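Geometric and topological summary
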Amino acid sequence: MPAVPLADAEYAAMTFAAHLDSFWASGRPESWGWSYTKLDPLHACIHAAAVSPDGSVDDYCILLDARSYDELPPGVYFVSPADPRGPKPQPGSPWLPSYTNVPFGFAIHPSFSYPDGSADQLVCFSQSRDYYISNHTPFPGEKWQPGTHTLAATLSRLHEVLTPPCYLGRAGALDS
């Protein structure tokens with residue numbers, strides 16, 4: 001895993017919990033069919049429903065890592081629901097989405113080489129922490145603003161990717 005700049009753990013956990021609770025209290029994520037499970041004070045697994053163009057629904061597990069929150073956005077990883085802290089899915093995995101024509105800079109790199117020499121998944125967009133530690137530079141108006149942006153921005157962007165017209169389906173077939 002790449003070297004991650006750490007925030008004060010107590011502040012990060014308190015802010016992360018408050019922002020998760022506030023966003024869920026808005027009703028938006030539940031209207032999308034989303035829920036979450038706290039794994040510990042600095043990590044949560046988002047259970048995200050993705051809607052295909054044909055109306056079918058695929059479920060994903062998105063791990064949020066708040067160790068740098070809210071100086072940086074949360075770390076974002078698509079993971080296996082059976083083992084959210086386990087190895088990250090590889091190309092062609094059913095736990096990675098396929099997408100097209102996202103209206104903002106977005107990519108999922110199942111294995112990205114970070115500047116510190118490590119390799120890990122990179123969900124690459126300006127509302128994800130690893131975007132910043134991978135030496136990407138946001139366009140004006142896209143940069144994370146601590147105290148202004150919250151994980152609501154991160155999850156709203158992910159929702160855009162996981163709905164039509166962007167979402168195409170799973171990257172691979174589920175085992176039968």
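Examining the overall build of the protein chain
- Per the secondary structure count, the protein chain includes four helices and eight strands.
- Going from the N terminus to the C terminus, the protein chain shows its helices and strands as α-α-β-β-β-β-β-β-β-α-α-β.
- Its C-alpha radius of gyration of 15 Å places the protein chain within 12% of the 16 Å reference for a compact globule of 176 residues.
- For the protein chain, the spread of C-alpha atoms along the three principal axes comes to 45 × 40 × 35 Å.
- Going through the 176 residues of the protein chain one by one, you find that 52% of them count as buried.
- Across the protein chain, every contact between residues at least 6 apart in sequence was considered, and the portion connecting residues at least 24 apart equals 55%.
- As displayed, the protein chain has an accessible area near 8200 Å², and 54% of this comes from carbon and sulfur atoms.
- Across the protein chain, the centroid of the 9 positively charged side chains sits 2 Å from that of the 18 negatively charged ones.

Thoughts on the state of the cysteines
- Evaluated as defined, the whole model comprises one disulfide.
- In this structure C124 is a free cysteine whose sulfur lies 16 Å from that of C166, the closest cysteine sulfur available.
- For C166, a relative accessible area of 3% corresponds to the buried category.

A short note on the packing of aromatic side chains
- Under the defined criterion, the tally for this structure stands at 14 aromatic pairs.
- Ring centres of F23 and W24 lie 5.9 Å apart, and the angle between their planes is 90°; this geometry places the pair in the edge-to-face category.
- Given a relative accessible area of 5%, F23 falls into the buried group.
- Each ring, one from Y131 and one from Y132, has its centre 5.1 Å from the other, and the planes form 75°; the classification is edge-to-face.

Considering unusual backbone geometry
- D70 follows Y69 through a cis peptide bond whose omega is 5°.
- By secondary structure assignment, the location of D70 is in the loop between β3 (57–65) and β4 (75–79).
- With omega at 10°, the peptide bond leading from P164 into P165 counts as cis.
- Positive phi, normally seen in glycine, also occurs at N101, with a value near 50°.
- Within the fold, N101 resides in the loop between β5 (97–99) and β6 (107–113).
- The phi dihedral of N135 falls on the positive side, at around 70°, and the residue is not glycine.
- Positionally, N135 belongs in the loop between α3 (129–133) and α4 (151–161).

Some words on the pattern of salt bridges
- Under the criterion given, the structure shown has seven salt bridges.
- Between R129 and D65 there is a salt bridge whose closest N-O contact spans 3.4 Å. A residue pair is termed long-range when its members are at least 10 positions apart, and R129 in helix α3 and D65 in strand β3 qualify at 64 residues. Comparing R129 with D65, the two get one shared label, buried.
- For the salt bridge of R157 with E160, the shortest nitrogen-to-oxygen distance reads 3.3 Å. Of this pair, R157 and E160 both sit in helix α4, three residues apart, which is roughly one turn of the helix.
- On the basis of relative accessibility, which here comes to 29%, the residue E160 falls in the partly exposed class.
- Taken together, the salt bridges that share partners define one network made up of D65, R67, R129 and D130.

Conventions adopted
- Residues numbered from 1 in each chain as written.
- Predicted model: local features only at pLDDT ≥ 70, side-chain atom pairs only at ≥ 80, totals over all residues.
- Heavy atoms only, no water.
- Helix = DSSP H or I, 4+ residues; strand = E, 2+ residues; numbered from the N terminus.
- Rg over C-alpha atoms; globule rule 2.2 N^0.38 Å.
- Buried < 20%, exposed > 50% of the residue type's maximum accessible area, 1.4 Å probe, protein only.
- Contact = heavy atoms within 4.5 Å.
- Areas by Shrake-Rupley, 256 points an atom, 1.4 Å probe, with all protein chains shown as cover.
- Lys, Arg positive; Asp, Glu negative; His and termini not counted.
- Charge placed at Lys NZ, Arg CZ, Asp CG, Glu CD.
- Disulfide = S-S within 2.5 Å.
- Phe/Tyr/Trp six-rings, centres within 6.5 Å; stacked < 30°, edge-to-face > 60°.
- Salt bridge = Lys/Arg side-chain N within 4 Å of Asp/Glu carboxyl O.

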